[in-house]
Structures are given as C-alpha cells and as structure tokens.
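A structural walkthrough
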Amino acid sequence: MRGVSTVLDVSVFLLLVSVAVATLAVPAADPPNATADETAETLATTTANVSYVPVGADGEAREPSRTAAGTHAELLGRGALTDLELDGTALAPTTGGFRAAVGEETATVLAWSSDRTSVVATWAPYPEAPLRGRFAVGERSPETVDVSTATLTVPVPVESVAAREAAAEDGYRGVAHAIADSLLATTLGPEDATLPDPGSPARRDWQRRMRAYAGALDVAEPADGWAAGRPAIERALVERLTADLRDRYSSPAAAAAEVRAGQVQIVVREWSG
Amino acid sequence: MTDRARVPFALLGVVLLVGSGTVAVSQHPPGGGEPAVDGAMDRLTAESHSAIRAAARDAAHDAARRPVIRAANTTVGAALDETRAFEDALRLRIYLAARANLADLGRQRRGLTVTAALPPIESERDVEAAIERVSLAPAGPDGHKVRVRVEGVSLRARRDGRLVGETQANPDLVVDTPILAVDERVDRFERRLEATVGQPGLATRLTAVLYPIAWARGYAQYRGGAIENVVANSHVTLVANGAVLSEQRAAFGRSDPMGRRVYATELGEAAITGLAARHNVSALDRLDRLREGVDRVQSAAETIERFAPADDAPSPSDTVTVGINGTADLGYLRAERAINETLNATFTPRVRVRADVRELERTVVDTHESVGGTLQSERTRLDATVTDRSGTPPSGADGWHRLGGYSRTVVVRETEVRRWDISENESATTTATTRIRTAVDVIVESDHGVGPAPPGPIASVHERGGPFDGPNLVHAEKRLLDAALANGGGRDGLAASAATGRLDGGPWSVQAPRSERLAAWARPDLAELRRQVRAVAVTVERGEVASFRRNVPAALAARLRERREAFVDAPAVYNNVSHRARVGVRAAYVDRVLNHLDALAEQNEDGRESLDDAVPTETGDAQSLLADGYGARDSLGERGGQGDELRLAVDTSPSYLTVEPVGHERVRAIPENRTEHPLVVRNVNGFALPTTGVVEAVFGLLDGPAKTSLRSGAQVLNVTGKLDLDEGEAQARQRGLDRQVDHGTALARAEFEGVLADADLGDADERETVVASALDQWPRTAARATAVTNGSAAEAVHAAALGRWPGALGEQRARERLAIELRFAARAAREDEGAQPSLPAVNETSDLVRAGLGYAAEAGQERVEAVARRRAARLAARLPSGVPVLPGPGTYYATVNVWQVQVRGSYARVVIRARRGAPDRAPPDLAYVREIRTVRIDVDGDGHRERLGQNRRLSVRAETVVGVAVPPGAQGVGDVDERDERSPGWPEPGPVAAGNVSAR
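The text that follows walks through the structure, step by step, so that each part is easy to find.

Reading the values: the criteria
- Residues numbered from 1 in each chain as written.
- Chains lettered and ligands numbered in written order.
- Predicted model: local features only at pLDDT ≥ 70, side-chain atom pairs only at ≥ 80, totals over all residues.
- Heavy atoms only, no water.
- Pairing = 2+ DSSP bridges.
- Helix = DSSP H or I, 4+ residues; strand = E, 2+ residues; numbered from the N terminus.
- Contact = heavy atoms within 4.5 Å.
- Axes fitted to C-alpha atoms, helices over the stretch in contact; angles between N-to-C directions.
- Core = buried A, V, L, I, M, F, W, Y, C linked by side-chain atoms within 4.5 Å.
- Buried < 20%, exposed > 50% of the residue type's maximum accessible area, 1.4 Å probe, protein only.
- Salt bridge = Lys/Arg side-chain N within 4 Å of Asp/Glu carboxyl O.
- Patch = residues over 30% accessible without salt bridge, like charges linked within 9 Å, V, L, I, M, F, W, Y side chains within 5 Å.
- Areas by Shrake-Rupley, 256 points an atom, 1.4 Å probe, with all protein chains shown as cover.
- Lys, Arg positive; Asp, Glu negative; His and termini not counted.
- Charge placed at Lys NZ, Arg CZ, Asp CG, Glu CD.
- Buried area = accessible area lost by both parts, 1.4 Å probe.
- Polar contact = N/O pair within 3.5 Å; in protein donor to acceptor, adjacent residues only side chain to side chain.
- Nonpolar A, V, L, I, M, F, W, Y, C, P; charged D, E, K, R; others polar.

**Focus: the sheet that holds strand β29 (residues 946-951) of chain B**
Residue and element names in this part refer to chain B.
- Ordered by their spatial adjacency, 3 strands build an open sheet running β1-β29-β28, and the pairing between neighbours is antiparallel. Here the strands that pair on one side only, and so sit at the sheet edges, are β1 (70-71) and β28 (933-937).
- Alignment of β1 against β29, held across 2 bridges, turns out to be antiparallel. By the bridge assignment, Arg70 is partnered in β29 with Gln950.
- The sheet strands contacting helix α4 (residues 85-104) are β1, β28 and β29, and the helix crosses β28 at an angle near 30 degrees.

**A few points about the nonpolar core**
- Leu560 and Tyr589 of chain B are the most contacted members of the largest nonpolar core, which has 155 residues in total.
- Sequence-distant contacts of Leu560 of chain B, that is, excluding residues within four places in its chain, are made with Ile324, Val533, Val536, Phe567, Val590, Val593, Leu594 and Leu597 of chain B.
- Core analysis: the second largest hydrophobic core is formed by 71 residues, Ala36, Ala80, Phe98 and Val109 of chain A among them.

**A few points about the pattern of salt bridges**
Residues and elements named next belong to chain B.
- Counted by the stated rule, this structure contains 56 salt bridges over all chains.
- Between Glu190 and Arg930 there is a salt bridge, with its nearest N and O atoms 3.2 Å apart. Remark: Arg930 occurs in strand β27 (residues 926-930) and Glu190 occurs in helix α6 (residues 179-193); sequence separation between them is 740 residues.
- Among the residues examined, Arg930 registers a relative accessible area of 3% and is labelled buried.
- Residues joined by salt bridges that share partners form a network here, namely Asp329, Glu528, Arg530, Arg531, Arg534, Glu816 and Arg823.

**Some remarks on a positive patch on the surface**
- A contiguous patch of positive charge, built from Arg379, Arg381, Arg413 and Arg435 of chain B, is present on the exposed surface.
- Residue position: Arg435 of chain B is located in strand β13 (residues 427-447).

**Looking at the interface of chain A and chain B**
- Of the residues lining the interface, 62 residues belong to chain A; the matching set on chain B comes to 50 residues.
- In total, about 4800 Å² of surface goes out of reach between chain A and chain B, with carbon and sulfur atoms giving 50% of it.
- Across the chain A-chain B interface, the total number found is 4 salt bridges.
- Taking the shortest distance from any N to any O, the salt bridge between Arg43 of chain B and Asp37 of chain A comes out at 2.0 Å.
- In this structure, the connection of chain A to chain B is made through 21 residue pairs in polar contact (both at pLDDT 80 or more).
- Of all the secondary-structure elements, those providing two or more residues to the side of chain A that touches chain B are α1 (2-25), α2 (34-45), β1 (47-52), β2 (66-71), α3 (72-81), β7 (148-155) and α5 (163-187) of chain A.
- At 12 residues, α1 of chain A tops the list of elements feeding residues into the side of chain A that touches chain B.
- The residue makeup of the side of chain A that touches chain B, split by class, is 31 nonpolar, 20 polar and 11 charged.

Have a look at this one:
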C-alpha cells in the first residue's frame, strides 16, 4: 500500500513539475503581432522619393518623368487611389508607372525584414463599395500559416466627406453626391480649375480619364467634346453610388457613419517560413 | 518502516506548479490593457506624421493653385501678415488639412478608442492662433523642401470613456514639396519684370536689345534709307517679348515654349522686312496657327541666327576718334588777327606805388567849443604840407622790382567842422584841429612779367638785346616812373596822398615800344601749332557720346591741358622780352582753344540737362536712365540654367504679349466677352522735329526762339522742292520760305566778298564776279543755302579765287588762311540773325511737307500706296532732327537723339509647373497660378468659404532711354512720323477699364 502510494505520489509530482515547466516555457514565445507592427511603423515614418514615367495600359510612356515624394505609407495609399475601378472597370488608365515605382521602393524596405511580408492598401469610400482602389506589394499571404497583422490609416488627397450632414440633407443621394464630388475633384481636377491646354499631355491624360469614367458609367461623349462632359459623368456616378448605398444600408445615417473617403487602410501581414 | 508523517512529492509538485505559475504570470505585464494602449499610441504617432506630411503636400498644392498675394480686408484676411500673405495662407491651409487628416485617424478596436486632434477653429478669430501653430522654413540642400512644424497635436487613448493614454506632440518634419522655392522664383520673376534700369531685370535687358536696333535703323535713316521711325513700337513690342522670355529663363530656368516659337517667327519676319513693319498684325494669327500645331516653324535659334542687321551700321560700342580739328582753326584765325594785341601785352609792363607811413607826432591845436543844440553835420578837412627828408625806403618783393624811391615828411592838418542847430532860425559852427606829423617812404616798382607767357626770369630786360635791334624795355624804366608820378600828382602829391590815406598806388600799365617786325617773326609758330593742336584727339565709344556719358569737348580740353606746357614750350629763362612775347603768342593761342572747348563742354552739359525736359520719365530722371541703361546694357547678368533641379515649366497666357486687343476666343484665360491689351507700348523721341527750336535753343546758337537755323530752312525747302504742292497757300508759303533762305545766302555772298577784300584781291567788281561764278553752280535757293551751311560754298569760292589770283595766293600759308577765312565767313553769315529764316516760316512749311506726305494727324486713315510711302519716308527722313553734341565750326561733329521707351504688360494668367506629385490627382503637377482671383477657404467648417485674400496678375513694367549718335551730315537722326508713339490702350494694359477689376 505504502509502495503504491509512493509511486502515485512521485507520478503526481512529476506530472505537476512538467506542467510547471510548461507554464514557464510556453508564454516565453514572442507576441504574434510585434513584427508586423514594426514594419507598419517603418512604412508610416520613413520617406521616399520616386521618379516615374506615366505609362498607359500598353506600357508606352505618355509624358516625361515626374517625381512624387512622401512616406512609404502615403505613397502606397496614393498607389491605391491610382488603381480605381468601378464595378470592375479601371478608371485611371495611365498610372501604372507610378505604381511600379512605388512597389519597387516599398520592396526595398520590406527586404530588411527576415519574415515574409504582404502589404495591401485599399481605398473605398465605404466598406464593400463598388468603387474601390487597391494596391498590393509583397507576397500573397498564405492561409495556412499564422500571420502577424498590423493596420495603418493614411490620408489621401480626397477631401474628407462631411457624410453625416450630407445624409441629413439629402439622404442616400446626399452621401453619394458628397463622395462623387470629392473623388472627381481629385481625379479629374477641381471643378473651378481651367482645363489644360488642348493638345498638351495633361489634356490628353485628362481626356483618357474622362473616357474611362464614361465607359464605366455608360455615359456617351457630349456633342461638343469631353470638356463639357463632366456633369453627366458626375450624375451617373451619383446614381450608381446612391443605388448601392440604398441596397447596403438600412438608413442614410447608417451609411454616412461608414464613409471613409479621405483615407486608405494599409494592412501589413508577416509570417515566417 | 516508520509511520512518521512525511511531505508527499505531490505536495512539492503543487508548490512548484503554483510557483512556476506565479513566475510565469509575474514575467508578463498583468492584464491586457497597458501593452495595447502603448502599441496603439505608437501606431497613432506614426500615422499622425504621415497625416501631417500629406496635409502639407496637399496644402502646398492648393496654395499654389490659389495663392494669396494680397490679404483680404476681412477678419480672416487680417490674420495674414501683409508682407508674407502667401506663406501665412499656406500655413493656414496646412493647419486645416492636418486637422482634417488627424481627425480621420480616430478609431475604435476591442474597446480602446484612439484619437488625434489639433485645437479646432471655432470662429474666424481663432485663425491667427492656428497660423501660429504651424511654422515653415525652407529645407534641403537647395531649399527645395519645407520643414514643417505643427504644435499642439494631442493623441489620446480611452477605454470605456476613461483616459488611459495621452501624448502632446509637436511634430517637426521635412516635407518634400518645392512650394517655397517656387514662390520665391515667381517673386523674383515679378521683381525682375518691374525692376528699373541698372538693376538686373527687364528694363536693363530691353535697353540692351534696343541699342543695336536703334543704331542700325538710325544709321540706315542717316544714310537715306526709307525709315520713318528709328524706334517704332513694333520693334519695341518684339524685343520686349524677347526680353520677357529671357527673364523667364533667368527666373525659372526655361521659358514658355509657345512664346518662344511665336517670338522666333516674329523675329524672322522682322529680319526679312528689316524691322520696318509698322505693326505686327500677323502675330495673333500665327499664335492661333501654332496653337493648333499646324504651322511648323524653324527653331528659334535658327531664326535668330538669320537676324543680323543687314546694314553695316556701327555698334554703339565701336570707338571713334574725335580731334580738336575745327576748333583749332577757329582759334587760329582769331589768334592771328589778334597777334599784335597779344605781343603788346608782353610789352606792357605794369607800375605801382607803395608807401610806408609812420606817424611821428600828433598835436591837438584846438577843440570844439560847447554851443548846445543838436549836431546837424560833421566833416573833416585834411591839409598836407610836404617837406623833403632823407631816408632809405625799403626794397620791393614778390616779383616786382624797384624803379625808384624817396622819403618825405608830411604834416597833415586835420580840421573837423561841426554844424549845430540851436533853434529853428539859429545855427552855429565849431571846429577842432589836430596836427599830425608823419614820415613817408614812397617806392615805385614795376613788373614786366605780364602777358600770356608763363612767368619766368628774363635774361635781359632794361638793356638792348634780342632780335630787331632788341629794344627790350630799354626806355620803359623812365616811362614807368613818369607814368606813376603823373598818375599820382608828382612826388610830393604821392607822399601827401599816402599820409592822408588816399594813395592810389596803381598798378598802371604802360605800353612800351616794340619792333613792328615782331608779328611776322612770331606768326609761323602759330601756323605750326595749329596743326599740332588740331591733331589732339580723344577716342570715345559712340554710345558713350550718345548717352551723354562722355563729354567730348571736355575730354578734348583735358587732353589739351595736359599738353599745354609742351605746346607753349616756355624756356627756363627767357632770352629777352621779344622771346617772351613770342612764347606768349603760343600760350594765348592754346588758351583761346581751351576756352572755346570749355564753352562747348558746357553746351554739351546743357544738352544733357535738357534731356529731362525732352523726355519726362517715371523711374528716375532721363539723364541717369540714359547713362545707367547704356552702362548696364552688357551686364545682362545670369542666363537661365538654374532651377534644373526643380524642372519648372512656364506657361503664360498669352504666350506672346501683343499690342492688339485679344479676347477669350484667343486667350482662354481672359474672361468671355472681354478684350484686353496684353501689352501697351509708348516711345517718345526726345528731339524729333527740326523746327521746334530745341536744337538751337538748347545750345544757345540763337538769341531768341523766334528764329531757326538756315540749315533747317534749307532742308525743309529742299524737301518741299521735290513735292508737287498745290496752288495757292501752299506755294505761297513755300515762296515765303524761299525768300528768307535766299536772303541768308545773299548775306553769305557779301561775307565772302569781304574776305577777298581783306586779302587785297582784285577790285570790287572782280570779287563779285568770282563769288558769283562760284555760287552759280547751285541755281536753286535750297541747294545754295545747303552749300553755305555745309562748307561746300566756301570751298567753291576758294577754288575760284585760286583760279583768278594764282600769283597773290602763291604762298601755301596764304592759301590756307584764305580757306579758313572763307569757312568762317560762311559761318558768320549763318549766325547772322538776318540770315535765319523765321521759325513760323520753317514750321509751317515743314507741316506742309508732312501733310503732303501723309503724316498729318488726320491722315491716318489714308492708305498711301507702298511705293509712294517709301519715297515719302525717304524725303521726310531728310528733315533735320537730333541734337548736335559738338557744334564745331563749319560742321557738326555728331548728332545725338534719344528715345524714351516704356512698356507695360499684363499676363491674364501665368502658370509655373513643377513636375512633382502622384498621378492620383489630375493634373498631378504642383502648379503655381497667377491671375486675378479672390481666394476663399472655409476656415471654421461652417460650410461657408471665407474670403482670405486676392491673387493678382503678373505685370510687366519697364522704362528706358536709348541714345543714338550719328556723324556729321545733312539731317541727323530722329523720328519722322510720330514723335510720341503710343500703342492702343496706353497707358493701362490688361482688362479694358471694366471698373472694379484691377489690371494687376
């Protein structure tokens, strides 16, 4: 009896000691998000200066080179805004050169990390909007491995929308109008600005953007040229967004609460292996 | 075994487990809250930096597009410092953008809420504080970046409404946007467009390019080319545009490409037509065609290369050598005529008397008695009694030498007589007498160092010696003494005068006898010296003369003064008085020429001063504008090339500043239904018309303004003679002028005959025949008068006289002298008032000419055929103009004319682009825009945009004066058509007085 109890006692002891060892050993591992956080902070605080040549879908240069500067996060955010699509149709036809340059620049920063990284910048006026921009750098994150994640918010030059007031004033349409206004002011130029001179590269670029919008929104070219086409495009865009908001949200106020036109979300994922 | 209680292993295990658990737990921060807060705050800080950078970049973009040049007169506008309104507006924009961006960063995750914020702008009054929270400074090696510091960023973390983390931060970041550098460049451009002559900028550049054109055309006109306006607004427009393009390069590193192409084409066209086109009517059409890209023109460089003045006109920096020439002849003529007086001056020693008076004794003889009443008058009577006395009067000094001396004792009786009024009918006289005994020493001295020769000892004076029996001043001593005594009333008289304080000691000049042959002996010196003085010359840049920077007569005078000693050639010791007299003749001649040059120098100076009246300028007086402009014309300063780093592009509207009005359909920056003059130009010819009397009045060649010169009259008459004038008044006027001019030539005829008479040639009839035969080769009045004024008449008479009297004129000196005499006779005739036609006669007739040629003010609409025009221009260009800067005898050395040029322009819009920015924006570039616009932004988020300030246009404003000098000739240089040429729209460029909108 005594022998049995001794064996039992020792067994229980060993069991308890191994549990204690496990207790000490397991929490000593790194917190899972530390590396992604570091990368995110690096992207938000280090600056870069990229030189790019605006190229079209055909890869042909449209203009002499130009430079853009900012933190890596800013450049990534603006990269997202240069790859807009509406219901799957591209809206910014000549911005590939810029994204390639930013991608390369960001890749050099990511190369310092021992882990594998994916960075994805997304612009959407509200979650799941049919109008969105995306810019991904790095590898595709695997689904089977544990990843550390960090999220950054960076501003883009789309004026922040006073969505709540707009909703109170004009419902879904008010919200849609505010978003369209803000976006077009950036991508097509301020409404009160004079158009670039006919024949200039800037004018041709503007023309291509107009055509892209018109194509995505099924707007026909006005009889007196694209110079007069903007109101039609804006109307069509407002219609499209109004319909989508109405489908998605229970009330204009609920829709307004989700509007984030002036910023881009950047998600950094890191994993090893 | 023992039943002793023992601690089971299991219990030890429990203890270990609990202990390990405790260790494990104590090794990690308790609870999940704090590490999450720190992490979130770190992330927020990082994000806030991106937010502020993005804000600065966006704000720069907006501030460039809508710059505030003048703060508005509003609450918000008052928050901007007037001296750096642009920068303050940028700071405000950065603050507003940063605040909005930071607000977007707020989010909520797993119960933790983080927010980033800047203090709000609740009302317009908070604007100033907001601006103060943002500071800006140029950064980076070239200042092409901006250091932005934002104060008062607060970052907070809350859990369930409870504050769990808070940081106040003042981020200080370097943002890569060239906004401050671009603003500085635009500022520099603006300053350069409005700089005055002498400063680097448009006015200086304009001067530099106008000089060669004005000279090329001035010389073409002078040589008889069909040039109406030497400086015309069409050239000014062209070169002003070229200069503005260069200024763009200087400020931004490059210029508007469209402007360059229009300019190149215009320049090419101007080169083909010899810059003679009156208006560049085709500039606008070309601008249109170029804009559509239809018209391919050759490169600017290629065109400019083709633009070389076809004429071999001298450049303003060419030098020219000017001798004393005619002025030496004039001096010679006068010196020769006055040679005897000059010689006499040396033979006219002076004598003077000095006295030394010592009072020996003073005795009061009687005094005034007292009579009462009031003193009515008082006088003093002096009586002197002279007695001989022996003594030794002191020797003379200071170059005077003693002729004689004597001593006297003089007793002076001084009687003072007073008249008193005692009552109305009663008066009385009292006297007081004093007796004064004085010793007087009298010395008589003479000075023979007189006359024009430099002072110096003479070897023999009072004894015979030298040429022609050497009279020297042999008898002078006695004559001088006699003269002194005679003047002073004898020896006693002189002593008495000295004692009573009434001595008139001279000096008196006394003419001594000299040989009559002295003149012939000295004369050859003069002829030789004339040749030497004639050759004295200075070398000047033509432009220096034209801009009145060099006064040629003054320079010649200075050069002659340097050489005066050598020319006079005075010995250390004169051999005798005759020798000294001969040197004196040389000295007198050189001084005479110097005096004449000094007078000319003063006239030149007066001419320079008359500029200010001739062309009233705005940016300083005309004299300094002319001088500074010429001086600065080569110092154009830096060329383009800077700003490569920035790679700025310049886009101006319009690309080419035309003087014709333009509207929206051509320049889209101009509002619809409005037209404006992008450029207005004015050029004023300083001395355009011959007959205004400016020329003569300036130089005092005339006494009154009512007369003009024979030369002007002849030229006007010459031109009218080539026109088919209408019957009646026109012809009557012409005949009137003809009579007056003919009278002038008749006077010259008489003067010529007088010269021949002086030279003892033939009798009166013969002389008349000779002169008539010489002048008859010019049967027409105008031609004859011109011959009188330009010296060919004198030459003709000279030739005729040589032919008629070869024997009497056998000697070369006689021939030379006759030539000079005749030349000056012609000049005397011209200067005779009777020979000068009246100003109205010349003016009216020349108006007639201008009217006949289609130059009258109202003749603008008339379309004269091209051929007729060219002929007319050639004729009209012969009307005299310009200012003679050195009116030497017989001819003018050069004529100067000046043009005041003013340009004012206004760009409807100027855009300066830096190729910076991401392509999410359209267009991506940082574009700095200058135009008329009110700048508004919503500062307090109330949806209403407050007026912040005003953007303004870039304007052009330059003024300069250029001068052209041409050599002696018939008509000088000057504008024929309009003296004051103004382009349409002068003086305000830009929007045609729409009322409330300023052109700037």
